[in-house]
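Residues per chain are reported as follows:
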2 protein chains.
Amino acid sequence: MRKVAIVGVGMSKFGEEWGRGFRDLIIDAGRRTLEDANLQGKEIDGMFCGTMAPGPLIGQEHAGALLADWMGLNPIASTRVEAACASGGVALRQGYLAVASGEHDCVVVGGVEKMTDVSGPDVISVLGGAGDQEWELFPGATFPSIYAFLAKRHMHEFGTTEEQMAAVAVKNHYNAARNKYAQFQKEITIDTVLNSKVVSSPLKVFDCSPVTYGAAAAILMPLDKAKKVCEQPIEIAASTQASDTLAVHDRKSLTELNATKVASKKAFEQAGVSPKDIDLAEVHDCFTIAEILAIEDIGFFEKGKGAKATEDGLTALDGQIPINTSGGLKGCGHPVGATGIKQAVECVWQLRGQANGRQIKDAKVAMSHNVGGSGATCVTHIFKN
Amino acid sequence: MRKVAIVGVGMSKFGEEWGRGFRDLIIDAGRRTLEDANLQGKEIDGMFCGTMAPGPLIGQEHAGALLADWMGLNPIASTRVEAACASGGVALRQGYLAVASGEHDCVVVGGVEKMTDVSGPDVISVLGGAGDQEWELFPGATFPSIYAFLAKRHMHEFGTTEEQMAAVAVKNHYNAARNKYAQFQKEITIDTVLNSKVVSSPLKVFDCSPVTYGAAAAILMPLDKAKKVCEQPIEIAASTQASDTLAVHDRKSLTELNATKVASKKAFEQAGVSPKDIDLAEVHDCFTIAEILAIEDIGFFEKGKGAKATEDGLTALDGQIPINTSGGLKGCGHPVGATGIKQAVECVWQLRGQANGRQIKDAKVAMSHNVGGSGATCVTHIFKN
């Protein structure tokens, strides 16, 4: 397989963008990405689009073809992939495989979600499609309540506190306030989180990622070709994916996501690095407890120690392993299908030294971790400059 | 890139299976496929699932993870792909790339659709998501009416008649009556079609493929390994994909699908064959006019001659180029995401000599052609025994 690199990235401003449609978001991110790569559309020979639920949300399936059409790139092959909240990460991985295989030489991977639009089912019901509808959602669970199970169990087993979970949100809002593309631009305090309305105990509004519109994209080429057309190609040193049961009741443990453990272990092997070699990581903090699970399951901290590590500032911009420098899903916003690509965009900016205001000094190796549902899919990538 | 072969295939009985859910259909097709390949689940290391709209239809997204879970194959990577009615074909192509690249050694590709279930939006609205919602469906078009445009124009330009379109349906029901997995088991006549209720003039009920439940699957391995574990591996000699505008009003011609032309031309180049080398083809006959467009655009007949060729029996089981020996979408049924895989299943059965009652003698090369929407995606495959 050929080595693969990212030669251009871009994203729309994440947020509640009522005046912009699904297609506007795609065009915005796509145009910025082509400009960043200094490429013309005619140089693109393949495309993958990650989006979770445009069918129920805006009445539009077939988003791969839509992207090629609205970017003016017909007749190239363009495919939508979906793995709930990991749709973007899976699109990046499919693009990686398409280039690594030798089938394509220049691929755009994009992620997009317009989470509320014309009258349709409410977004909470639609997001429920990421879990096990028959065994979890139809009987009454919502996604916050599923993650609340995991939080309760983590508190029970390891003494994790609501204050420690709140520290995740405080850190991620702090980082987001230094990212002009982020939905939230204001810092918050532990009290902001603790005093916010309960969604599903112990999770409160500020423990939850928001409803967001947005798109993000990246252009992939073989590494050898990338070096000829790009000053700072960023190598994709690992791309891995794993699955787990859709329903949490079928799992052996409620305090770890096995798909994260499997995918990240493979990623470290593929890239030839270990957790201590990672200079920064974008992890899937759909809820504050999710970030704590992730940093433990990836191996940045021992199981049960992630909450304390966060409280102690070890995951801050100046900490031992900066986590979610972009603001994460919590601060940057979570337009479901776009998130996995946005994580890669942030890693690229950091590795290029372009993360103004939140730059990690001398960053050489970055990691992204994107979860679908309550952990039934996990996709991890490792990037090197 | 490595050569890739199919080592096992299977499908559920297509039809209105009210007593069986989405998961039952998957398990049925998956079990038959593993048995056909004489493999255990533990030998599978990757999975792709093509399904168009489980979100709006049954409230369930994240079908890649669902498949891995219900087939008992966690923690393997499992990804859903979607390209409207070409979702199955795209899943086959992603599986092909995953094996060709060297990333995976044994991949299951599956397609599935449960088209009506619990109360939800009507299936016609959901299928509209395959086209351009903003420019076609919201303003009032339906899929039959879009294909009716194409039929009207074909009649105007080439003198194609309603009787000639009906001949497609008669042939495909004849073939379906010889396929125990097909939804329709009865032959029909030209009069059956002409006297059936008008859906969107000139298309009548018997010009349209039905609403169907079903699933189909195939197992892919590198050709060299396949030869060691399988008596009759079927090589995937070409796998190609192309796109076109979502809305038909943006196209230069209403009497051809450019994505079919681009994808099939590439497929012939990749496989090193020409249309006259193909012994049988499964083409995308979502409406009778669609089969006529396909056999012209692929190059089996000159543009404008496909309808007459069908009327003259040139596409029958004993004709010059047998088309849709399975019964096609029209006779076999069209569970959207499953169709592209079912086409491959039929090609494999034909090339193995297992298509009892409809076997094409000495079949060596077969082709499948799967269209998304009104031609915004086309995926073609060529198979050799």
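Up top is the structure these notes are about.
Residues numbered from 1 in each chain as written. Chains lettered and ligands numbered in written order. Predicted model: local features only at pLDDT ≥ 70, side-chain atom pairs only at ≥ 80, totals over all residues. Heavy atoms only, no water.

> Please set out the overall build of chain A residue by residue, giving values where relevant.
A tally of regular secondary structure across chain A gives 15 helices and 11 strands. Over its C-alpha atoms chain A spans a radius of gyration of 19 Å, differing by no more than 12% from the 21 Å that the globule rule assigns to 385 residues. C-alpha atoms of chain A, sized along the principal axes, occupy 55 × 45 × 40 Å. Here chain A holds 385 residues, and the buried ones make up 67% of them. Counting contacts in chain A only where the partners sit at least 6 residues apart, residues at least 24 apart contribute 76% of the total. For chain A, the exposed area adds up to about 12400 Å²; of that, 51% sits on carbon and sulfur atoms. Computed over 38 positive and 45 negative side-chain charges, the separation of the two mean positions in chain A equals 4 Å. (Helix = DSSP H or I, 4+ residues; strand = E, 2+ residues; numbered from the N terminus. Rg over C-alpha atoms; globule rule 2.2 N^0.38 Å. Buried < 20%, exposed > 50% of the residue type's maximum accessible area, 1.4 Å probe, protein only. Contact = heavy atoms within 4.5 Å. Areas by Shrake-Rupley, 256 points an atom, 1.4 Å probe, with all protein chains shown as cover. Lys, Arg positive; Asp, Glu negative; His and termini not counted. Charge placed at Lys NZ, Arg CZ, Asp CG, Glu CD.)

> Quick rundown of the environment of A:Asn258? Include the residues and the values.
All names here are of chain A. In this structure, Asn258 sits in helix H11 (residues 258-271). By relative accessible area, Asn258 is classed as partly exposed at 31%. With 221 residues separating them in the primary sequence, Asn258 and Ala37 have C-alpha atoms 36 Å apart.

> Explain the packing of aromatic side chains residue by residue, including any values.
Residues and elements named next belong to chain A. On inspection of all chains with the given rule, the structure shows eight aromatic pairs over all chains. Relative to Tyr213, the ring of Trp18 has its centre 5.6 Å away and its plane inclined at 80 degrees; by these criteria the two rings are edge-to-face. Here Tyr213 lies in the loop between strand S6 (203-204) and strand S7 (214-222) and Trp18 lies in the loop between strand S1 (4-11) and helix H1 (22-37), a separation of 195 residues in the sequence. Their ring planes at 40 degrees and their centres at 6.4 Å tell us that Phe143 and Tyr147 sit as a pair that is tilted. With Phe143 and Tyr147 both in helix H7 (residues 143-158) and four residues apart, the pair spans about one turn of that helix. The exposure class of Phe143 is buried, given its relative accessible area of 11%. For Tyr147, a relative accessible area of 0% translates into the label buried. In textbook terms, an aromatic cluster arises when at least three aromatic residues are bridged by ring pairs, as seen for Phe143, Tyr147 and Phe287. The residue whose ring lies beneath Arg178 is Tyr174, and the NZ or CZ to ring-centre distance is 3.6 Å. (Phe/Tyr/Trp six-rings, centres within 6.5 Å; stacked < 30°, edge-to-face > 60°. Lys NZ or Arg CZ within 6 Å of the ring centre and 35° of its normal.)

> Help me get a handle on unusual backbone geometry, residues and values and all.
Most peptide bonds take the trans configuration, and most residues that are not glycine carry a negative phi. Geometrically, the link from A:Ser201 to A:Pro202 is a cis peptide bond, its omega value of 10 degrees lying close to zero. Relative to the assigned elements, A:Pro202 resides in the loop between strand S5 (198-200) and S6. Of the consecutive residues B:Asn74 and B:Pro75, the connecting peptide bond is found in the cis state with omega at 5 degrees. Non-glycine residue B:His62 carries a positive phi angle of around 60 degrees.

> Quick rundown of the relation of the copies chain B and chain A? Include the residues and the values.
For these two chains of identical sequence, chain B goes onto chain A by a turn of 180 degrees and a shift of 0.0 Å along the axis, with RMSD 0.0 Å. Viewed as a symmetry operation, the transformation between the two copies matches a two-fold axis. Same-surface contact between copies: 100% of interface residues of chain B are shared with the interface of chain A. (Least-squares fit on C-alpha atoms with pLDDT ≥ 70 in both.)

> Can you tell me about the packing of helix H8 (residues 162-176) of chain B against helix H12 (residues 288-298) of chain B, naming the residues and giving the values?
Residues and elements named next belong to chain B. Contact geometry of H8 with H12 gives a least axis separation of 8 Å together with a crossing angle of 95 degrees. Between H8 and H12, the interaxial angle falls into the category roughly perpendicular. Counted together, Gln164, Met165, Val168, Ala169, Lys171 and Asn172 of H8 and Thr288, Ile289, Glu291 and Ile292 of H12 form the full contact between these two elements. In terms of residue class, the contact of H8 with H12 is made up of five nonpolar, three polar and two charged. (Axes fitted to C-alpha atoms, helices over the stretch in contact; angles between N-to-C directions. Parallel < 35°, antiparallel > 145°, perpendicular 65-115°, else oblique. Nonpolar A, V, L, I, M, F, W, Y, C, P; charged D, E, K, R; others polar.)

> Residue-level account of the interface of chain B and chain A, with values.
Often, the extent of an interface is quoted as the loss of accessible area on bringing the components together. Opposite the 57 residues of chain B that make contact, chain A presents 58 residues. In total, chain B and chain A occlude about 4300 Å² of area from one another, counting both sides; carbon and sulfur atoms represent 48% of this. For the pair chain B and chain A, the number of links is eight salt bridges. Linking chain B with chain A are 38 residue pairs in polar contact (both at pLDDT 80 or more), by the criterion used here. Residue assignment for the side of chain B that touches chain A shows that the elements contributing at least two residues are helix H2 (54-58), helix H3 (63-70), strand S3 (77-82), helix H4 (87-100), helix H6 (133-137) and strand S8 (234-243) of chain B. Across the side of chain B that touches chain A, the residue classes tally to 27 nonpolar, 20 polar and 10 charged. By the bridge criterion, three bridges tie strand S3 (residues 77-82) of chain A to S3(B) in an arrangement that is antiparallel. Considered in S3(B), the bridge of A:Arg80 is made with B:Glu82. (Buried area = accessible area lost by both parts, 1.4 Å probe. Salt bridge = Lys/Arg side-chain N within 4 Å of Asp/Glu carboxyl O. Polar contact = N/O pair within 3.5 Å; in protein donor to acceptor, adjacent residues only side chain to side chain. Pairing = 2+ DSSP bridges.)

> Give a detailed account of the nonpolar core, specifying residues and quantitative values.
Residues A:Leu220, A:Phe383, B:Leu220 and B:Phe383 are the most contacted members of the largest nonpolar core, which totals 84 residues. Among the nonpolar cores identified, the runner-up in size contains 69 residues, and A:Ala65, A:Tyr213, A:Ala259 and A:Val371 belong to it. (Core = buried A, V, L, I, M, F, W, Y, C linked by side-chain atoms within 4.5 Å.)

> Please set out helix H8 (residues 162-176) of chain A residue by residue, giving values where relevant.
The α-helix advances 3.6 residues per turn, and as a result positions three or four apart in sequence lie on the same side. Residues and elements named next belong to chain A. When the terminal C-alpha atoms of H8 are compared, their 21 Å separation across 15 residues agrees well with the 21 Å that a helix rising 1.5 Å per residue should span. By the criterion of burial, H8 is predominantly enclosed, with 12 of the 15 residues buried. Inspection of H8 places Gln164, Met165, Ala166, Ala167, Val168, Ala169, Val170, Lys171, Asn172, His173, Asn175 and Ala176 among the buried residues, and these make up the whole buried set. (Expected span 1.5 Å × (residues − 1).)

> Which residues make up the pattern of salt bridges, and what values do they have?
Here the structure, examined in full by the defined rule, presents 56 salt bridges over all chains. The salt bridge involving A:Glu103 is made with B:Arg93; its shortest N-O contact spans 3.3 Å. Remark: B:Arg93 occurs in helix H4 and A:Glu103 occurs in the loop between helix H4 (87-100) and strand S4 (107-113); the pair is interchain, linking two chains. Residue class for A:Glu103 comes out partly exposed when judged on its relative accessible area of 24%. The residue A:Lys342 makes a salt bridge to A:Glu282 at a minimum N-O spacing of 3.6 Å. One end of the pair, A:Lys342, is in helix H15 (residues 336-352); the other, A:Glu282, is in strand S9 (residues 280-282), and 60 residues separate them in sequence. Relative accessible area serves as the criterion here: at 2%, A:Lys342 is assigned to the buried category. Several salt bridges share partner residues, and in doing so they unite A:Glu17, A:Arg20, A:Asp28, A:Arg31, A:Arg32 and A:Glu35 into one network.

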